[in-house]
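Report on the structure
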Amino acid sequence: MESKYKIVFVTGGVMSGIGKGLVTASVGKLFQFRGFKVSVIKIDPYFNVDPGTLNPIEHGECFVTEEVWNFEPVPDSKDISFNISEIDQDFGTYERFLGVDIHPSHNITSGQIYLATILRERKGEFLGRTVQIIPHGTDIIKNRLKSIAEEENLDVLLVECGGTVGDIESQIFLESFRQLKLELPGNTALIHVTLVPYFDIIGQHKSKPTQHSVKALQEAGLQPNVIVGRSSKPLDDEIREKISLYSNVPINAVISDPDLETVWELPLLFEDQKLGDYLCEILDLKAKLVTYSSINNYSEWEKLVQIYKNANKSITIGMPGKYFNITDSYISINYALEHAAAHEGYKPNLKMINITEDTDIEKELADCDGILLTPGFGERAVEGMIKTAEFAMEKKIPYLGICFGAQLFYVAFCRKYLGLKGANSTEIDPKTPHPVIDLLESQKEVDAKGGTMRLGAIKVKLIRGTRLYDAYKKDEILERFRHRYHIQEKYIDDKAKEMGLVISSRDETGKIINSIELNREDHWMVGTQFHPEFKSRPYDPSPIYSAFIKAVIQRKNKK
Ligand code: GLN
């Protein structure tokens, strides 16, 4: 059957967190190399409507999209709707690899699907029927996938299902995949990503976990076309043969996904194993003859990988924060620092400092060439973060504060240079005598927590003559926001200005300060209320991260 678009499903086996998002993005890149228009949908089988309310310690970073989507569970019914711009961190991976801004409606959760099913029933959409997972729930899922592929005129839609096959929560999604495979014969493919453990002691890969997870997939009525084996070492022919035999997948479709020097190399490794050609063959796709935009061109990507491989000089960036139980909590920041540094020939050593009551901040920061103060919410670790900003001011260490990191820079400045004892954000101390950070006007009436922050890309008006302007060299930019509180301008009096505090950008109305910095010849210190890391790309680093990294390198080389 002819279909205007092809769908590639990506499922995971054995355990989560093995880099399925990287595989999905890299497979997308293979299609881009061949001139196809590609996008990605990620399914998260949890009940949250979006991941904005999840704790980063448990779930990693929450990614913020360019656009804000008004999700109406019952179409064209304004009774209930939610703003969605906070989505799964895998979208950061997709955007960085594919160079496209992805719409927030591409992150589908069980919460959205069940809410839509139940509210439509109440509205009377299924009058007379018993409303069930199949077909009512699965129809809503299939329609979401198909309408995105059609409306965005995609050649290939990749659909990654979060979690692991066999999870109760993901069954409804796997069932929808099964139905779509039936509806669109010849136009879908399924890639199953599993962990293939390697045992040093016996010097062997083990296929059993993969066999079990393929069985679980087959029980759901799905047969994989490709198995991607995630492992510390490349899969040799022996293990590939074994996986092929037990999984009913040809040996050339058993793909090796070993640890790599740099993640950007994964599409090249897949290309070496002819995965792109294989997928095109089963989907009956012929590469398009197009003028490739540079990032979608194979040889340009090869050059990019070289930049990352050659970046071997080292700088240490201290990252004090509160969500360091996992390294993914600030993943877009880690990458933005990596991008900016690589283009200067450096590889940043990120010193993640998990602030507790016992942390000796000054000692921890002593060997850092630069400091990045992280975003965050709530009281825990805040005094240590304020101390970080004070320390940067005293020792003149290059400092970039992101969102909370900008707000706490301001708190530290007000305490240290304006003598405002006990100055704080009302988020942390509602009774502070000096509420130098307070709720945005638009937040004062807001109670509900999901999707209610100031979100998405918003115009930022830059002020000339500032470090921020020097970095972007533009009067106006679009950057992504996610906050409720902001810097109170009334404390920026003559004394503050004399001590070097500068407002470097505002919103369109002029009422919201979007960034601050210190006016010091010998010290680079900037805080942005926005999150430039979400727009940093491996081939196009964020301008303000680049300026920060250059300041760090300059200071290090002077020492
Ligand atoms: N908690 C702060 C606010 O809501 C900062 C948020 C952030 O760092 N993203 O304004």
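Structural data are supplied above this passage.
Criteria and cut-off values
- Residues numbered from 1 in each chain as written.
- Predicted model: local features only at pLDDT ≥ 70, side-chain atom pairs only at ≥ 80, totals over all residues.
- Heavy atoms only, no water.
- Core = buried A, V, L, I, M, F, W, Y, C linked by side-chain atoms within 4.5 Å.
- Buried < 20%, exposed > 50% of the residue type's maximum accessible area, 1.4 Å probe, protein only.
- Helix = DSSP H or I, 4+ residues; strand = E, 2+ residues; numbered from the N terminus.
- Axes fitted to C-alpha atoms, helices over the stretch in contact; angles between N-to-C directions.
- Parallel < 35°, antiparallel > 145°, perpendicular 65-115°, else oblique.
- Left-handed = near helix turned anticlockwise from the far one by under 90°.
- Contact = heavy atoms within 4.5 Å.
- Polar contact = N/O pair within 3.5 Å; in protein donor to acceptor, adjacent residues only side chain to side chain.
- Near = heavy atom within 4 Å.
- Areas by Shrake-Rupley, 256 points an atom, 1.4 Å probe, with all protein chains shown as cover.
- Nonpolar A, V, L, I, M, F, W, Y, C, P; charged D, E, K, R; others polar.
- Pairing = 2+ DSSP bridges.
- Right-handed = clockwise from strand over helix to strand, strands pointing away.
- Phe/Tyr/Trp six-rings, centres within 6.5 Å; stacked < 30°, edge-to-face > 60°.
- Lys NZ or Arg CZ within 6 Å of the ring centre and 35° of its normal.

1. What about the nonpolar core?
Val27, Phe31, Ile191, Val226 and Phe270 are the most contacted members of the largest nonpolar core, which totals 59 residues. Looking at this core, the element that brings in the most residues is helix α1 (residues 20-33), giving six residues. Of all hydrophobic cores here, the second largest spans 43 residues; its members include Ala381, Met385, Ile428 and Leu501.

2. Concerning the packing of helix α4 (residues 110-123) against helix α5 (residues 133-151)
For the pair α4 and α5, interaxial distance at closest approach is 10 Å and the crossing angle is 120°. Considering the angle they form, α4 stands oblique to α5. The way α4 lies across α5 gives a crossing that is right-handed. Touching Gln112, Ile113, Tyr114, Ala116, Thr117 and Arg120 of α4 are Ile133, His136, Gly137, Ile140, Ile141 and Arg144, all from α5.

3. Description of the environment of Glu72
One can find Glu72 in the loop between β3 (62-71) and β4 (82-88). In this structure Glu72 comes out as buried when scored by relative accessible area, which is 17%. In this structure the C-alpha to C-alpha distance between Glu72 and Asn83, which are eleven residues apart in sequence, comes to 9.0 Å. Non-local contacts of Glu72, meaning those with residues more than four positions away in its chain, are made with Ser77, Lys78, Ile80 and Ser81. Of the polar contacts made by the side chain of Glu72, one reaches the backbone nitrogen of Asp76; its length is 3.0 Å.

4. Structural notes on the site of the ligand
Looking at the ligand, the residues that line it are Pro375, Gly376, Phe377, Cys403, Phe404, Gln407, Glu427, Arg482, His483, Arg484, Tyr485 and His531. Backbone polar atom of Arg482 to a nitrogen atom of the ligand: 3.0 Å apart, as the coordinates give it. One nitrogen or oxygen atom from the main chain of Arg484 is found 3.0 Å from an oxygen atom belonging to the ligand. Summarising the interface, the protein chains cover 99% of the accessible area of the ligand, which totals 300 Å² for the free molecule. For the shell around the ligand, the elements supplying multiple residues, two or more each, are α15 (404-417) and β19 (476-483). Among the residues forming the shell around the ligand, the class breakdown is five nonpolar, four polar and three charged.

5. Observations regarding the pairing of strand β14 (residues 370-373)
Taken residue by residue, a regular strand's side chains alternate between the two faces of the sheet. The alternating pattern of β14 places Gly370 and Leu372 and Ile371 and Leu373 on opposite faces, both of which are buried. Direction of pairing for strand β12 (residues 313-321) relative to β14: parallel, over a ladder of two bridges. The partner of Gly318 across the bridge, within β14, is Ile371. Pairing of β14 with strand β15 (residues 399-402), which is carried by three bridges, proceeds in the parallel orientation. When the sheet's bridge partners are listed, Leu372 is paired in β15 with Leu400. This β-α-β element, β14 to helix α14 (residues 382-395) to β15, shows right-handed connectivity.

6. Here we look at the sheet that holds strand β7 (residues 188-195)
Taking strand neighbours across the sheet as the criterion, the seven strands line up as β5-β2-β6-β1-β7-β10-β11 in an open arrangement whose pairing is parallel. Strand pairing shows two members of the sheet lacking a second neighbour, β5 (107-109) and β11 (254-258), which therefore form its edges. For this sheet, the mean inter-axis angle between neighbouring strands, taken without regard to orientation, is 20°. Summarising the sheet, strand β1 (residues 6-13) and β7 pair through seven bridges and their orientation is parallel.

7. As for the environment of Ala311
Relative to the helices and strands, Ala311 is located in the loop between α11 (298-310) and β12. Along the sequence, Ala311 and Gly166 sit 145 residues apart, while their C-alpha atoms lie 41 Å from each other. Not counting chain neighbours up to four residues away, the residues in contact with Ala311 comprise Ala342, Gly345, Tyr346 and Lys347.

8. Topic: unusual backbone geometry
Negative phi characterises most residues that are not glycine, and trans characterises most peptide bonds. Across the junction of Ile134 and Pro135, the peptide omega takes the value 10°, indicating a cis bond. Counting through the fold element by element, Pro135 comes out in helix α5. For Val14, which is not glycine, the phi torsion reads 75° and is therefore positive. For Val14, the position within the fold is in the loop between β1 and α1. If you check the backbone angles, Asp76 has positive phi at about 60° while not being a glycine. A relative accessible area of 73% places Asp76 in the exposed class.

9. Observations concerning the packing of aromatic side chains
Tallied over the entire structure, the rule returns 18 aromatic pairs. With a centroid separation of 6.0 Å and 35° between ring planes, the pair formed by Tyr323 and Tyr330 is classed as tilted. What links up through ring pairs into an aromatic cluster is the set Phe97, Trp264, Trp301, Tyr308 and Tyr335. The lysine or arginine in question, Lys416, covers the ring of Tyr417, its NZ or CZ lying 5.7 Å from the ring centre. Here the guanidinium or amino end of Arg454 rests over the ring plane of Phe481, the centre of that ring lying 4.3 Å away.

10. Describing the sheet that holds strand β20 (residues 485-487)
The pairing of strands in a sheet happens through backbone hydrogen bonds and is either parallel or antiparallel. Taken in spatial order, the three strands make up an open sheet running β16-β17-β20, and their pairing is mixed. This sheet does not close on itself; its edge strands, each paired only once, are β16 (424-425) and β20. One ladder, built from three bridges, connects strand β17 (residues 435-439) with β20; its direction is antiparallel. Paired with Ile437 across the two strands is Ile487, which belongs to β20. Packed on one face of the sheet, α15 meets β16, β17 and β20 and runs near 150° to β17.

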